[in-house]
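Coordinates in review
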Amino acid sequence: MLFNSIPYLLLFAFTYLIYWNIPQKGRKPLLVISSLIFYAYFSFPFLFHFLLVILINYGFSEWIFNRKEKGEKYNRLLFSIVALNLINLGFFKYFYFFTGSLYSLTGYPAFKEISGSWSIFLPLAISFYTFQIIAVQVDIHRGIIEKRMSAVDYFLFILFFPQLIAGPIMRSQDFLPQLDNPTIDSDRMKKGLFLIIGGLFKKVIIAENISPIISPIFMDPAKFDSFSIFFSVLAFAVQVYCDFSGYTDMARGSANLLGYEIPENFQGPFFSQSFRELWSRWHITLSSWLRDYIYIPLGGSKGSIFRSNVNSFITMCLGGLWHGANWAFVFWGAYLGALIWIERSLYLHRGKKKFLPDTLPFVGIIRTIVVFIIFTFSGVFFRAAARGDESMNVAYEIFKGVLTFRNTGETLSRVDELPTFIALGLMFNWFQYSNYVYEKLKPYQNILLPFLAVVILLLLGIFGDGGQDFIYFQF
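Counting starts from 1 at the beginning of each chain's written sequence and moves along it residue by residue. Totals for whole chains, interfaces and linings use all residues, but because this is a predicted model, local features are given only for residues with pLDDT of at least 70 and pairs of side-chain atoms are given and counted only at 80 or more. Derived side-chain values reflect all non-hydrogen atoms in the structure, with water molecules and hydrogen atoms excluded from consideration.

What counts is decided by this rule: UniProt positions are given in the numbering used here, feature names are shortened, and annotations may be inferred rather than shown by experiment.
As recorded in an unreviewed UniProt entry, the chain goes by the name MBOAT family protein, listed as coming from Leptospira noumeaensis. Turning to the chain, the UniProt record has this under Subcellular location (unreviewed entry): "Cell membrane". UniProt annotates the chain under Sequence similarities (unreviewed entry) with the comment "Belongs to the membrane-bound acyltransferase family."

**What to know about unusual backbone geometry**
Where we set the bar: Segments assigned H or I by DSSP are reported as helices when at least four residues long, segments assigned E as strands when at least two residues long, and all are numbered from the N terminus. Think of it in three bands: with a 1.4 Å probe and only protein chains considered, a residue is buried below 20% of the maximum accessible area for its type, exposed above 50%, and partly exposed in between.
Non-glycine residue A125 carries a positive phi angle of around 70 degrees. Locating A125 in the fold gives a position in the loop between α5 (109–116) and α6 (126–142). Given a relative accessible area of 1%, A125 falls into the buried group. Here R414, not a glycine, exhibits a phi torsion of approximately 70 degrees, which is positive. Relative to the helices and strands, R414 is located in the loop between α17 (391–403) and α18 (418–433). Classification of R414 as partly exposed rests on a relative accessible area of 35%.

**Structural notes on the packing of aromatic side chains**
Inclusion rule: Classification of ring pairs uses Phe, Tyr and Trp, with its six-membered ring standing for Trp, and accepts pairs whose centres are within 6.5 Å; under 30 degrees between planes counts as stacked, over 60 as edge-to-face, and the remaining range as tilted. Note on geometry: a ring has a charge over it if NZ (lysine) or CZ (arginine) is within 6 Å of the ring centre and within 35 degrees of the ring normal.
Applying the stated criterion across every chain yields a total of 60 aromatic pairs. Seen in terms of ring centroids, Y58 and Y154 are 5.2 Å apart; in terms of plane orientation they differ by 65 degrees. Their pairing is edge-to-face. Linking Y58 in helix α3 (residues 44–70) with Y154 in helix α7 (residues 151–159), this pair joins segments that are 96 residues apart in sequence. The residues Y58 and Y154 share a single accessibility class, namely buried. Against the face of Y19 rests R27, its NZ or CZ located 5.4 Å from the ring centre. The ring of W322 has K93 lying over it, and the distance from NZ or CZ to the ring centre is 5.5 Å.

**Let's talk about the side chain of S35**
We apply this condition: Any pair of N or O atoms that falls within 3.5 Å is considered a polar contact. Within protein, one atom must be able to donate a hydrogen and the other to accept it, and sequence-neighbouring residues count only if both atoms are side-chain atoms.
Tracing the backbone shows S35 in helix α2 (residues 24–42). Residue classification places S35 among the buried positions, given a relative accessible area of 0%. Among the polar contacts listed, one links the side chain of S35 to the backbone oxygen of L31, at a separation of 2.7 Å. A distance of 3.1 Å separates a polar side-chain atom of S35 from the backbone nitrogen of F161.

**As for the environment of L36**
The condition is simple: Throughout, a residue-residue contact means that at least one pair of heavy atoms, one from each residue, lies within 4.5 Å.
Tracing the sequence through the fold places L36 in helix α2. Taking the relative accessible area as the measure of exposure, L36 reaches 23% and is therefore partly exposed. Expressed as a C-alpha distance, the spacing of L36 and L51, which sit 15 residues apart in the sequence, is 9.1 Å. Ignoring sequence-local partners within four residues, the contact set of L36 consists of L47, L51 and L159.

**A closer look at empty space enclosed by the protein**
Note the cut-off: Only protein atoms enter the 1 Å grid used here. Points where a 1.4 Å probe fits but cannot escape make up a cavity, open sets with protein on both sides within 12 Å along at least five of seven lines make up a pocket, and a residue lines them when an atom lies within 4 Å of a point. Grid points are joined across faces, edges and corners, and a volume is the space filled by probe spheres set on the points. Nonpolar residues are Ala, Val, Leu, Ile, Met, Phe, Trp, Tyr, Cys and Pro. Charged residues are Asp, Glu, Lys and Arg, and all others, Gly as well, are polar.
Evaluated as defined, the whole model comprises 3 cavities of 30 Å³ or more. Reported here for the largest cavity is a volume of approximately 100 Å³. Around the largest cavity sit F236, A237, V240, W282, W332, F375, T376, S378, G379, F382 and Y472, which together line it. The biggest single contributor to the lining of the largest cavity is helix α10 (residues 226–257), with 3 residues. Its residues placed into classes, the lining of the largest cavity shows 8 nonpolar, 3 polar and no charged.

**Re the pattern of salt bridges**
Rules: A side-chain nitrogen of Lys or Arg and a carboxyl oxygen of Asp or Glu constitute a salt bridge if their distance falls within 4 Å.
One pass over the structure, following the stated rule, counts 17 salt bridges. The salt bridge involving K28 is made with D180; its shortest N-O contact spans 2.7 Å. Placement of K28 in helix α2 and of D180 in the loop between α8 (172–175) and α9 (186–219) is noted, with a sequence separation of 152 residues between them. Linked through salt bridges whose partners overlap, the residues forming this network are K28, D153 and D180.

**With respect to a nonpolar patch on the surface**
Going by this rule: Without a salt bridge and with relative accessible area above 30%, a residue can belong to a patch; like charges are then joined within 9 Å and nonpolar side chains (Val, Leu, Ile, Met, Phe, Trp, Tyr) within 5 Å. Shrake-Rupley sampling with a 1.4 Å probe provides the accessible areas, and residues are treated as covered by the protein chains on show and by no other component.
Taken together, F362, I365, I366, I369, V370 and I374 make up a surface patch of nonpolar side chains, about 520 Å² in accessible area. Within the secondary structure, V370 sits in helix α15 (residues 363–376). Here V370 falls in the partly exposed class, since its relative accessible area comes to 30%.

This is the structure:
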């Protein structure tokens, strides 16, 4: 059930109309039911698996609370439930990756036979809900969650359908305090509608038009010239941004209309002047989750600079592996981890020595362009992962195609359209980076909202109904 689809529109409309016309005590159960319908639309059999996962975790949460209240030790309980969640994720998502890697390392045929004898399907949203559930257990241990949650609150926190499939990865302290007091006013409603309209534009008009243009590059990069490959790399980064931040905008807008605030996942990342700043603005809820539940437990910034860099590098590699069961995703994480390592070692990040002094003209713009271009090349590994076993060869050919500056080969069809879509993506990136435009247009929102709604409907009619899945649905 895509956000940009008729079934979602119908589900949300019925939920919304009933939600605001019943007492508060009935609203949370209604949202749980709507969330179950939302997930069941994608996969009814896996709904039961998902509910079992939540039920087991709720039972362990209660068990841990009981032990804490009695002053008894519960470390084994915490370890057990975290391990169970990781085993569940590992089995469904990484079974073929592990067996294939073991076969490649050892050549032992049994690993290949085991892999070929199983047919394992990936449950929708398993990566997102696993991280969110683990965070709940750890937050109970850390005392962030001080009071027991009712079963309805627990299930709703995990199931809440606007963010269920692709995040943002919510924290207990962000969402639980709102559950008993959802509030709506004209400002929040208008903000929600603006977010939905903007998200639709980013997803359907920008991301879904970039995708078919650049796809041939990732099918056979060796036959295209460097110009086409370079602009396709830039365009893919913009596609991912518009696709995923578009999803987040629609999720946040839907939550606003139901009286809730859920976290922003992007804050103008392409205007960052360092890689550390970029990762504080890109996929924010995942970045902060990795920091709080992997990087800090590894030791964080304590100890030597070298040890801190190792912790950061390991965290980024695991973050890459979280995205998918393919070595290209691990290399994606390693590439980004190496950039942060180099930046820290050379004091490139803001607030310390900078690789370009501020006295030079346009230095901020130059830093931003350099960071943006280097970051976009990480997307080569991300996109190449879709080619499975051929992913690393595809990534190699793309880097080779750009770095050799070849002018032979084919020019990508419609490559001249990519700068326009890139510019549109950067424009929305600026809207997130600064509230200037929103604040200036706020007095005119009663006129702008119906106008933009008509415009987006016309554009949807021209460019199609947005039949492509969101990129992060595969994770």
